[in-house]
Amino acid sequence: MSRLLTTDQGRQIAYDMTEGRGPTIVFLSGLKSDKEGTKAVHLEAWAKARGQGYLRFDYSGHGESSGEFTDGCIGDWHQDTAAAISSLTQGPLIVVGSSMGGWQALLLARAMPERIAGMVTIAAAPDFTEDGYWASFNADQKAALDVVGHVELPSDYMEPYVITKRMIEDGRQNLVLRSPLALQFPVRFLQGTADTAVSTETAVRLLEHASGPDMRLLLVKDADHRFSDGPCLGLIEDAILDVIGEHECSA
């Protein structure tokens, strides 16, 4: 049974916390995904078997947490992430961010770099509201944002996304690829070449833009955006061990 955390903004955040040794692994889900996703649940069992602390939670408007998805935005979910980490964890963290969770991981690195001991991203999607959505909108869609307040976009992975004007405008306040991005800890970026939601060009752009002493990008041929079959889950485990420093990544 999930527990609930009330944030300073009054949002109810559902979470599952596994106590264990540090560094604590924190899983940050993607847009419209939740803490019951394949990667989040698999890594919890893996961490538990290792006796390692692990946190997974739902952003507001996602999963079991309060609120509607269409009321949320990148900044709200960053607040949720910071609240969960500040309230529920202590000491160093290994942050694992999937898709939009990769953007959230990078925002977290700016907000509390002293807490992060290592980072793994899976198909990280930084700045996607601007470079993905807004950049691809035609004149009618941009007009609809002003008149209706939202547009609907099809997804290869679930029902259509409802993209609100607030999400676009708030996204512009949280961009991470337009200014220096220092990641002063080991980072492993994982990316599938068959991903139709996040391109390999995005992964390379992030690698080239960020600065830090220990960053690597692993491209996995034919892996899709879910990155959740057996071999991919094993690569995530390897990347976590690598940033912890327990063994050299096979890549």
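Residues numbered from 1 in each chain as written. Predicted model: local features only at pLDDT ≥ 70, side-chain atom pairs only at ≥ 80, totals over all residues. Heavy atoms only, no water.

Of regular secondary structure, the protein possesses 8 helices and 10 strands. Among the 251 residues that make up the protein, the fraction classed as buried is 54%. Restricting the contact set of the protein to residue pairs at least 6 apart, pairs at least 24 apart contribute 72%. As presented, the protein carries roughly 10700 Å² of accessible surface, and 49% of it is formed by carbon and sulfur atoms. Taking the average place of the 21 positive charges on the side chains of the protein and the average place of its 35 negative ones, the gap between the two points comes to 3 Å. (Helix = DSSP H or I, 4+ residues; strand = E, 2+ residues; numbered from the N terminus. Buried < 20%, exposed > 50% of the residue type's maximum accessible area, 1.4 Å probe, protein only. Contact = heavy atoms within 4.5 Å. Areas by Shrake-Rupley, 256 points an atom, 1.4 Å probe, with all protein chains shown as cover. Lys, Arg positive; Asp, Glu negative; His and termini not counted. Charge placed at Lys NZ, Arg CZ, Asp CG, Glu CD.)

So, on to the packing of helix α1 (residues 38–50) against helix α8 (residues 230–244). Axis separation between α1 and α8 bottoms out at 11 Å; the angle between their running directions is 50 degrees. The angle between the axes of α1 and α8 places the two elements in the oblique class. α8 is crossed by α1, and the crossing has right-handed handedness. Judged by residue contacts, Thr-38, Lys-39, His-42, Leu-43, Trp-46 and Arg-50 of α1 engage Leu-233, Ile-236, Glu-237, Ile-240, Leu-241 and Ile-244 from α8. Per-class residue counts for the contact of α1 with α8 are 7 nonpolar, 2 polar and 3 charged. (Axes fitted to C-alpha atoms, helices over the stretch in contact; angles between N-to-C directions. Parallel < 35°, antiparallel > 145°, perpendicular 65-115°, else oblique. Left-handed = near helix turned anticlockwise from the far one by under 90°. Nonpolar A, V, L, I, M, F, W, Y, C, P; charged D, E, K, R; others polar.)

Core analysis: the largest hydrophobic core is formed by 54 residues, its most contacted members being Leu-31, Phe-57, Tyr-133, Ile-163 and Leu-183. If you tally residues by element for this core, the top one is helix α3 (residues 100–111), at 7 residues. In contact with Phe-57, other than residues within four places in its own chain, are Ile-13, Ala-14, Tyr-15, Val-26, Phe-27, Leu-28, Ser-29, Lys-35, Asp-80, Thr-81 and Ala-84. The next biggest cluster of nonpolar side chains, apart from the first, holds 23 residues, and it includes Phe-227, Leu-233, Ile-236 and Leu-241. (Core = buried A, V, L, I, M, F, W, Y, C linked by side-chain atoms within 4.5 Å.)

Read across the sheet, 8 strands follow the order β1-β2-β4-β3-β5-β6-β9-β10 without closing on themselves; strand pairing throughout is mixed. Both edges of this open sheet fall to β1 (3–6) and β10 (215–220), since each of them pairs with a single strand only. Taken pair by pair, the neighbouring strands of this sheet meet at an average axis angle of 20 degrees, ignoring direction. On top of the sheet, α1 reaches β2 (12–18), β3 (21–28), β4 (52–57), β5 (93–98) and β6 (116–122); it is set at about 160 degrees to β4, its chief contact. Here α3 sits on the sheet and contacts β3, β5 and β6; the angle it forms with β5, its principal contact strand, is near 145 degrees. (Pairing = 2+ DSSP bridges.)

Further remarks concern the pattern of salt bridges. Applying the stated rule across the entire model yields 20 salt bridges. Glu-64 is paired through a salt bridge with Lys-35; the nearest N and O atoms lie 3.7 Å apart. You can see Glu-64 sitting in the loop between β4 and α2 (74–88) and its partner Lys-35 sitting in the loop between β3 and α1, a full 29 residues away along the chain. Owing to a relative accessible area of 46%, Glu-64 belongs among the partly exposed residues under this scheme. Its salt-bridge partner being Asp-242, residue Arg-188 comes within 2.7 Å of it at the nearest N-O pair. Within this pair, whereas Arg-188 is found in strand β9 (residues 187–192), its partner Asp-242 is found in helix α8, the two being separated by 54 residues in sequence. A relative accessible area of 4% places Arg-188 in the buried class. One continuous salt-bridge network, built from bridges that share partners, spans Asp-16, Lys-35, Glu-36, Glu-44, Arg-56 and Glu-64. (Salt bridge = Lys/Arg side-chain N within 4 Å of Asp/Glu carboxyl O.)

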